Amino acid sequence: MPETKPPTDWDTYFLDLARQAATRSSCTQHRHGAVIVSNRHVRSTGYNGTPSGHANCDVGGCPRGRTGDKDKPCLGLHAEANAILYADPHQRDGATLYITGAPCLECAKLIANSGLREVVAPRPQDGEADLVKEFLLDCKVRVRFIKPA
């Protein structure tokens, strides 16, 4: 009988789905994906890029994307913002957000008011993540930064 591997744990599975969502991103700077999960069911996905109807970053739709200049405005929405926008409020209530990178402070504010109760992301490398984690914990949103499998 062939040797079988145990099933992937849920965190790895949903982070893998978030990484897959990131492949849809048109952003020339960062490609991130997000998945909202409730009761082990995917409720919404999102990836970063310009709003619907606007030219994508990779075809010149974003001033920052065109030049790479961090001082230029970014017209993209972040992955977690898109996932929140595309999930009904009752689907977000008490759900978990899996994202391919730690949320920024602006997205943390959206998360705090969205009804989400947990954020799971790979362990970040930068300092803002500590501030974001502390903010979300103050807002009663659990945060788990995990080592990617």
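Check the entry above for the structure.
Along each chain, numbering runs from 1 in the same order as the chain's sequence is written. Per-residue local features are limited, in this predicted model, to residues with pLDDT of at least 70; the limit for side-chain atom pairs, both in listing and counting, is 80 or more; totals at the level of whole chains, interfaces and linings are taken over all residues. Calculation of side-chain values draws on the structure's entire complement of heavy atoms; hydrogens and water are dropped beforehand.

Caption draft 1: Seen up close, the overall build of the protein. Strands here mean DSSP runs of E at least two residues long; helices mean DSSP runs of H or I at least four residues long; both are numbered from the N terminus. Summing up its helical and strand segments, the protein has six helices and five strands in all. The N-to-C order of helical and strand elements in the protein reads α-β-β-α-α-α-β-α-β-α-β. Considering only residue pairs separated by 6 or more positions, the protein has 55% of its internal contacts joining residues 24 or more positions apart. Whether two residues are in contact is decided by their heavy atoms: any pair within 4.5 Å suffices.

Caption draft 2: Structural view of the sheet that holds strand β5 (residues 142–146). Whether two strands pair comes down to DSSP finding at least two bridges between them. One open sheet accounts for five strands, arranged β2-β1-β3-β4-β5; its pairing is mixed. For this open sheet the edge positions go to β2 (41–47) and β5, each flanked by a neighbour on one side alone. Along the sheet, successive strands turn relative to each other by an average axial angle of 20°, direction set aside. In terms of strand pairing, strand β4 (residues 118–122) meets β5 through five bridges, oriented parallel. For valine 120, the partnering residue across the bridge sits in β5 and is arginine 144. A fitted line through C-alpha atoms represents every axis, and for helices the fit uses only the stretch in contact; the resulting angles, taken between N-to-C directions, go from 0 to 180 degrees. Strands β1 (33–38), β2, β3 (96–99), β4 and β5 of the sheet are contacted by helix α1 (residues 10–22), whose axis makes an angle of about 140° with β1.

Caption draft 3: Looking closely at the side chain of serine 114. As for its placement among the helices and strands, serine 114 is situated in helix α5 (residues 105–114). We classify serine 114 as buried; its relative accessible area is 7%. Side-chain polar atoms of serine 114 contact the backbone oxygen of isoleucine 111, separated by 2.8 Å. When sequence neighbours within four positions are dropped, the list of residues in contact with serine 114 reads Ile84 and Arg92. Per-residue accessibility, obtained with a 1.4 Å probe over protein chains only, is compared with the maximum for each type, and a residue is labelled buried under 20%, exposed over 50%, and partly exposed between these values. Polar contact criterion, stated in full: a pair of N or O atoms within 3.5 Å, where within protein one must be able to donate a hydrogen and the other to accept it, and residues adjacent in sequence count only if both atoms are side-chain atoms.

Caption draft 4: Spotlight on the nonpolar core. By size, the foremost hydrophobic cluster in this structure holds 21 residues, and its most contacted members are Ile36, Leu97, Ile111, Leu116 and Leu136. At the level of secondary structure, the elements contributing two or more residues to this core comprise β1, α3 (79–85), β3, α5, β4, α6 (128–138) and β5. If we ignore the near neighbours within four places in the chain, the residues touching leucine 136 are Pro103, Ala108, Ile111, Ala112, Val119, Val141 and Val143. With eight residues, the next largest nonpolar core counts Phe14, Ala18, Val35 and Val120 among its residues. Here, nonpolar core refers to any group of buried Ala, Val, Leu, Ile, Met, Phe, Trp, Tyr and Cys residues whose side-chain atoms link them within 4.5 Å.

Caption draft 5: Examining unusual backbone geometry more closely. Phi at arginine 40 takes a positive value of approximately 65°, unusual for a residue other than glycine. Look at arginine 40 and you get exposed, because its relative accessible area is 54%.

Caption draft 6: Seen up close, a negative patch on the surface. By definition, no residue in a patch forms a salt bridge, and every one has over 30% relative accessible area; like charges are joined within 9 Å, nonpolar side chains (Val, Leu, Ile, Met, Phe, Trp, Tyr) within 5 Å. For accessible areas, the Shrake-Rupley method is used with a probe of radius 1.4 Å. Any residue's cover is judged against the shown protein chains and nothing else. A side-chain nitrogen of Lys or Arg and a carboxyl oxygen of Asp or Glu constitute a salt bridge if their distance falls within 4 Å. Residues counted as positive are Lys and Arg, residues counted as negative are Asp and Glu, and His and the chain ends are not counted. We put the charge of a Lys on NZ, of an Arg on CZ, of an Asp on CG and of a Glu on CD. Together, Asp126, Glu128, Asp130, Glu134 and Asp138 make up a negatively charged patch on the protein surface. For aspartate 138, the location among the structural elements is in helix α6. Using a relative accessible area of 56% as the deciding quantity, one classes aspartate 138 as exposed.

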